[in-house]
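# Fold and geometry: a report
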Amino acid sequence: MNLRRARTLGILLMLAPGAPAHAASGDAPYADVDPFIGTAGEGHTFPGAVVPFGMVQLSPDTQIRPRAEAYGWAAGYRHDDHSIVGFSHTHFSGTGHSDLGDVLVMPIAGEVRYERGDVATPGSGYSSRFTHQGEIAQPGYYAVTLTDYRIRAELTATARVGVHRYTFPPAEPAHVLIDLRTSMYDYPGKVLWSRLRLRGDSTITGFRETRGWAPGRQLYFAMRFSRPVSGHEFRNTETDVPYKGFPPPGAAAARQRAQLEGRQLVGSLDFAEVPGGQLLVKVAISSVSEENAIANLEAEMPGWDFEGTRAAARALWEQALGVIRVQGDSLQRRGFYTALYHAFMAPSLFMDSDGRFRGPDNAVHEARGYTNYSTFSLWDTYRALHPLLTIVQPPRRTDDIVRSLVAAQGASPYGMLPVWAFQGQETWTMIGYHAVAVIADAYLKGIRDYDADDALRAMVATASYGPYAGLEQYMRLGYVPIDMEGEAASKTLEYAFDDWTIARMAHAMGHEAVATRFLQRAANWRHAYDPDTGFMRARTSAGAFRTPFDPSVSGYGSDYTEGNAWQYSWYVPQDVAGLVGAHGGADALLALLDQVFDAKIDPKLFAHMEDITGLIGWYAHGNEPSHHVAYLYAAAGQPWRTQARLAAIMKTQYAPRPDGLSGNDDLGQMSAWYLFTALGFYPVTPASNEYIIGRPFVPRATLNLPNGNHFVIAASVLDEAHPYVQSVTLNGRPLRRVFLRHEEIMAGGELRFTMGARASTSWPGRDAERPYSMSQAP
C-alpha cells in the first residue's frame, strides 16, 4: 500500500463514527441492538440494512462459495472473513440452507476487474479487503471502508429499495460493478438467464432467473445513480464478448447495444463526475417485471435523501423494538433486543407497490386488501416465532400472514399450503405441514380477519394431499412407513401434531366431522411409541418397528429428521399427559429426559449433520426439535427442574457476541425461544392458547401490547444465586398453575415471580391445574 493510499484510508477510518460499532449513541432499545450477533459461528445472520419484515435485505457478502462449501456463508457474511465481494440485495437471516444474494453491487476506484477472485486470497479479483475498525451495523444502516479501494460504503433501505452511498477517494476513476452471476450456494448453471439494460444515462434495469433452492425463481431490478453514467461495459463471461462505450441516445441500434442478455452477465458503469467524491445508488426489486421495479423505486425512493431514508428506517425499528421495554444490565439488554430485531426479519414483504407478486404457479397475482408475505421457514417458526408475533405485533400482521399462506395454497400446483417457501416459490425443505399450526394458532387467539372457511379448506386440502412425503400411507396406516419414506418416525409425529391443530380450529368453527377426523389422526403419535425401549421409532409397512435400532443414529435416510431418537422421542406437544401415561408416569418420563441432558457424548457423533449443534448431552439447542424439551418437566408437574435446565441453556447457548448463537437463527426461531424464555414462559403447544411458565431471566419487562394494554413481568431477587421460582402471582393473586393463557397476557396486568436460592416443590402445589393435553381434554 503506497503512502497516499494509506493516508486517505486513515482519514476514512477516522471519519467513521465508531470503530467498531454496533449502534449509534441514542436511547435504548435501538442502541442496544447488535446486528453482528450471530454473524460468526453457527448463527448465519447478516449485518446489513433492512426494515422490519422488509423485502430488501441489503448486506455485504464476504465470500461466494460453491454449494458444497457454502453452509457457513448461508447469509453471505461471516465476521471472521477479511474481504468483501460486494453488496447484494436479498438475504436470509439465520438459515441452514440458502439461496438469494441477488443483484450484487461493488464500488470500484481505479481499474475494473471482472473476476470475483480467489476465496483463499483476500482482496483478489474485484473484491476488497476490510477490517472491523470503522465497520458499523445498526438496525437499518451498515457502513464499512473498502480498504483496497479506499471507498467508504454506507447502506440503508426502505421496504423495497436498497440505498447505497459511496464516498470515493479523490483523483481516482469511479466505477460501480453489477454482477448477476453470483448467488448464495453457487454452482455452474444456476443462472438460467439474465439481462442488463441501460435506460438513459442514469438507470439500469435487468432480471435473472435461477434454478437454486427454489427452481425457476425470477427477480427483476431497477438501479438508479445520482450522477450520469459516462461510460459502461456489459460482459457475458460465458461467451466473453464485451460491448464498450456509451451509445448516443435515440437510435434503435443504440438501444439494442445498451442491452445484453445471457447466463453470465457482469457490467461496469463509469462516472466521470462525482462531486465531493460521493455517489448514491438506489436499487428496487420486483418479482413481476422491470417496469414494476421502476415503479417501486419511484414510489419509495423518488429523491436522493440518504440521511432521511436512514432516519426513516431507524424510526421504523424504534417503533418495532419499543413493543417490549426490558430492564437489565447492558449485556442482557444487548442480547434481548438483538433477538427481538432478528425476530422481525421474516416473514418478509413480497409484493410490489401496486400489490402484485409472483406466486408458486409462476403467474402474477394481486394482493387485494392485504399485504402479501413470503419467506416461510415453517418447520422452525411455527414453534415460537409466529406465537410471538401474535403477542407483540398488531393483529393485522398475522392476518396478512394467514391470507398470504392461503393465497399461496390457492395458487399452488399441488394445492398445498407452503412448507418452506421464499419469494413465492416452494422448496419442499423439511417436513410436516406446519402452516396449519400457524393458521390455527391465529384463529384460536381471535385473529380472524380472513375467510376462516377458506383457510380451513386449505388446511384440510394440504393434510389430505397423498403424494406428499408419505402422507398417503400415513392416512391409510396411521403412520409413515420407513420402507416407503425416509425419516418416518419424525414425519408421523409432526403430522399428528399438525392434525391436532386442524381439529382444534375445526371444533372452534363448529365443523365437528372435520374435528373428529383430525383428532383421531392426532393420536397417531402412539403408533410411533415403542413401550419396550421408551423411544419413538419408525415402523415398516408390515407394522413392525425397523431393526436394528440404535437411538443414537441420525442422518438422512434414518428414522428421524435432523436428529435421533434421543431428540425426537418427546415430540408430542398436543398430548403431554398422554406421553406421561405411556411412560408409566412423570417420574419415568423425566428420568429419560435427565438422561438426555446429562449424557456424555462426543460431538463428533453429529459431524455429518450440520444442523445438530448446541449440545448439552443429547439435547441440541441449535436445532428446533429440542426447543420445547426443557419445558416438559414443568408440563409434567416438576417446574423446578425446568428452571434448572433453562438456566444451563441460557448460559451456554446464547451470548452477546458474533459467535453468540449456538445454532442457525432460522428466521428468528432461535431468537424467539430466547425472548420467550427471558420473559419467563414459552408456547410449548401452539394452538393451545397456553404458555408453559419457566422462569424469568430479566428483572422486569413491560409488553406494550398492540391493543393498548401493558403486561408487566417482574422478578424479585433475580440473580445467579437465586435461580428458582418460589411463588408466582398474576395481578396480585397467587397463580396455582404452571401456565399462562393467551387472553391473560393480552388483557394486561402483572406477572410477578419471587425467586429463591433453592428449588421449591411448593409452587404451584399438588392440586394445581394442569396444562392442556389432548388425552385429558373434554
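Refer to the structure above for everything that follows.
Residues numbered from 1 in each chain as written. Predicted model: local features only at pLDDT ≥ 70, side-chain atom pairs only at ≥ 80, totals over all residues. Heavy atoms only, no water.

## Quick notes on the overall build of the chain
Using the following cut-off: Each helix is a run of H or I in the DSSP string that is no shorter than four residues. Each strand is a run of E no shorter than two, and both are numbered from the N terminus. For this measure, only C-alpha atoms enter the radius of gyration; the expected value for a globule follows 2.2 Å times N^0.38, where N is the number of residues. When a residue's accessible area, from a 1.4 Å probe over protein chains only, is under 20% of the maximum for its type it is buried; when over 50% it is exposed; and in between it is partly exposed. The criterion used for residue contact is that any of the two residues' heavy atoms lie within 4.5 Å. Calculation of accessible area relied on Shrake-Rupley with a 1.4 Å probe; when residues are assessed, cover is drawn exclusively from the protein chains displayed. In this tally Asp and Glu are treated as negative and Lys and Arg as positive; neither His nor the chain ends contributes. Charge positions come from single atoms, namely NZ of Lys, CZ of Arg, CG of Asp or CD of Glu.
The helix and strand inventory of the chain stands at 21 helices and 38 strands. Taken over the C-alpha trace, the chain has a radius of gyration of 27 Å; the compact-globule value for 778 residues is 28 Å, and the two agree within 12%. Its C-alpha atoms put the chain at 85 × 55 × 50 Å along the principal axes. Burial status across the chain gives 66% buried among its 778 residues. Looking at the chain alone, contacts between residues at least 24 apart form 70% of all its contacts between residues at least 6 apart. Of the roughly 26200 Å² of accessible surface on the chain, a fraction of 51% belongs to carbon and sulfur atoms. Where the 69 positive side-chain charges of the chain centre and where its 80 negative ones centre are 3 Å apart.

## Concerning the sheet that holds strand S12 (residues 203–210)
Rules: Paired strands, in this sense, are two strands between which DSSP finds at least two bridges. All axes here are fitted lines through C-alpha atoms, helices being fitted over the stretch that makes contact, and every angle between N-to-C directions spans 0 to 180 degrees.
Taken in spatial order, the nine strands line up as S6-S7-S8-S9-S18-S13-S12-S11-S16 in an open sheet, and their pairing is antiparallel. Of all strands in the sheet, those bounded by a partner on one side alone are strand S6 (136–138) and strand S16 (259–262). Recorded for the sheet is a direction-independent mean angle of 15° between the axes of neighbouring strands. Note that strand S13 (residues 217–225) and strand S18 (residues 278–286) share six bridges and pair antiparallel. Across the sheet, Ala 222 pairs through a bridge with Ala 284, a residue of S18. Lying over the sheet, helix H4 (residues 306–321) contacts S6, strand S7 (141–146), strand S8 (151–157), strand S9 (161–167) and S18, oriented at roughly 50° with respect to S8.

## Re helix H3 (residues 290–300)
One turn of the α-helix equals 3.6 residues, which is why residues spaced by three or four share an orientation. Buried within H3 we find Glu 290, Asn 292, Ala 293, Ile 294, Asn 296 and Leu 297. Contacts made by the buried residues of H3 are with S9, strand S11 (191–199), S12, S13, S18 and strand S21 (356–358).

## Looking at the packing of aromatic side chains
What counts, and what does not: Note on aromatic contacts: the rings of Phe and Tyr and the six-membered ring of Trp form a pair at centre separations within 6.5 Å, being stacked when their planes are under 30 degrees apart, edge-to-face when over 60 apart, and tilted otherwise. Two thresholds decide whether a charge sits over a ring: the Lys NZ or Arg CZ must be within 6 Å of the ring centre and within 35 degrees of the ring normal.
In this structure the tally under the stated criterion is 44 aromatic pairs. Summarising the aromatic geometry, the rings of Phe 92 and Trp 213 are spaced 5.6 Å apart at their centres and angled 85° between planes, so their arrangement reads as edge-to-face. Taken together, the residues Phe 92 in the loop between strand S3 (86–88) and strand S4 (104–109) and Trp 213 in the loop between S12 and S13 connect sequence positions 121 residues apart. There is no split in this pair, since Phe 92 and Trp 213 are both buried. Consider the rings of Trp 213 and Phe 422, whose centres lie 5.7 Å apart with planes at 40°: the pair is tilted. Of this pair, Trp 213 sits in the loop between S12 and S13 while Phe 422 sits in strand S25 (residues 420–422), placing them 209 residues apart in sequence. Each member of the pair, Trp 213 as well as Phe 422, is classed as buried. Among the aromatic residues, those joined into a cluster by ring pairs are Tyr 631, Tyr 654, Trp 673, Tyr 674, Phe 676, Phe 681, Tyr 682 and Tyr 691. For the cation-ring pair, Lys 282 lies above Trp 304, with the distance from its terminal atom to the ring centre recorded as 4.0 Å.

## Focus: the packing of helix H10 (residues 452–463) against helix H12 (residues 488–509)
Defined as follows: For this classification, under 35 degrees means roughly parallel, over 145 means roughly antiparallel, 65 to 115 means roughly perpendicular, and everything else is oblique. Left-handed is the label given to a crossing in which the near helix is rotated counterclockwise from the far helix by less than a right angle, and right-handed is the label when the rotation is clockwise. Gly falls in the polar group here, along with every residue not listed as nonpolar (Ala, Val, Leu, Ile, Met, Phe, Trp, Tyr, Cys, Pro) or charged (Asp, Glu, Lys, Arg).
The N-to-C vectors of H10 and H12 enclose an angle of 150°; their axes lie 11 Å apart at closest approach. Relative to H12, the element H10 lies roughly antiparallel. Handedness of the H10/H12 crossing: left-handed. In this structure, H10 contributes Ala 452, Asp 453, Ala 455, Leu 456, Met 459, Val 460 and Ala 463 to the contact, and H12 contributes Asp 499, Ile 502, Met 505, Ala 506 and Met 509. Considered class by class, the residues forming the contact of H10 with H12 number ten nonpolar, no polar and two charged.

## Re the side chain of Ser 626
This is how it is decided: Polar contacts, as used here, are pairs of N or O atoms within 3.5 Å; protein pairs need one atom able to donate a hydrogen and one able to accept it. Residues neighboring in sequence count only if both atoms are side-chain atoms.
Take Ser 626: it is sitting in the loop between strand S30 (619–620) and helix H18 (632–635). A polar contact of 3.2 Å, which involves the side chain of Ser 626, links it to the backbone nitrogen of Ala 620. When sequence neighbours within four positions are dropped, the list of residues in contact with Ser 626 reads Gln 567, Tyr 619 and Ala 620.

## Side note on the environment of Leu 730
Tracing the backbone through its elements, the reader meets Leu 730 in strand S35 (residues 724–730). The buried category is assigned to Leu 730, whose relative accessible area is 12%. The residues contacting Leu 730, other than those within four sequence positions of it, are Phe 711, Leu 735, Leu 740, Glu 744, Glu 750 and Leu 751.

## Concerning the pairing of S18
Of all the nine residues making up S18, eight are buried; the element is thus mostly covered by neighbouring parts of the structure. Across seven bridges, the pairing between S9 and S18 is antiparallel. When the bridges of S18 are listed, Thr 167 appears paired with Gln 278.

## Side note on the sheet that holds strand S34 (residues 710–716)
The strand order S19-S33-S34-S38-S35-S36 describes an open sheet built from six strands, whose pairing is mixed. Because the sheet does not close on itself, it has two edges, and the strands there are strand S19 (324–327) and strand S36 (733–734). Here S19 pairs with strand S33 (residues 700–704) via four bridges, running antiparallel. Along S33, the bridge assignment pairs Gln 327 with Arg 700.

## Brief notes about the pattern of salt bridges
Filter applied, for reference: Salt bridges are defined by distance alone: a side-chain nitrogen of Lys or Arg within 4 Å of a carboxyl oxygen of Asp or Glu.
Following the criterion strictly, the structure yields 43 salt bridges and no others. In this structure, Arg 227 engages Glu 273 in a salt bridge whose closest nitrogen and oxygen atoms are separated by 3.6 Å. Taken together, the positions of Arg 227 in the loop between S13 and strand S14 (231–236) and Glu 273 in the loop between strand S17 (265–271) and S18 put the pair 46 residues apart, joining distant regions of the chain. Given the relative accessible area of 25%, Arg 227 is considered partly exposed.

## A look at the nonpolar core
As a reminder, the rule being used: In this text, buried Ala, Val, Leu, Ile, Met, Phe, Trp, Tyr and Cys residues form a nonpolar core when linked through side-chain atoms within 4.5 Å.
In this structure, Ile 324, Phe 344, Ile 502 and Leu 751 are the most contacted members of the largest nonpolar core, which totals 171 residues. Among all residues touching Leu 751, those that are not within four sequence positions of it are Phe 681, Phe 711, Val 712, Ile 713, Ala 714, Val 728, Thr 729, Leu 730, Leu 735 and Leu 740. Counting 61 residues, the second-largest nonpolar core is a separate cluster that includes Val 144, Ala 174, Leu 180 and Leu 219.

## Brief notes about helix H13 (residues 512–522)
The line we're drawing: Here the arc refers to the set of directions running from the helix axis out to each C-beta atom.
Along H13, the positions that sit buried rather than exposed are Val 514, Ala 515, Phe 518, Arg 521 and Ala 522. End-on, the buried residues of H13 take up no more than an arc of 125°, which puts them together on one face. For H13, the exposed residues set more than 90 degrees away from the buried face come down to Ala 513 and Gln 520. Looking at the buried residues of H13, the elements they touch are H10, helix H11 (471–477), H12 and helix H14 (525–528).

## Section: unusual backbone geometry
Excluding glycine, a negative phi dihedral is what most residues carry, and trans is how most peptide bonds are arranged. Omega for the peptide link from Ala 346 to Pro 347 comes to 0°, which places this bond in the cis form. With an omega of 5°, the peptide bond running from Trp 763 to Pro 764 counts as cis. For Gln 423, which is not glycine, the phi torsion reads 45° and is therefore positive. Its place among the elements puts Gln 423 in the loop between S25 and strand S26 (425–426). Unlike most non-glycine residues, Ala 687 shows phi in positive territory, near 85°. Following the sequence through the fold, Ala 687 ends up in the loop between strand S31 (681–682) and strand S32 (690–693).

Nothing here speaks to function; it is geometry throughout.
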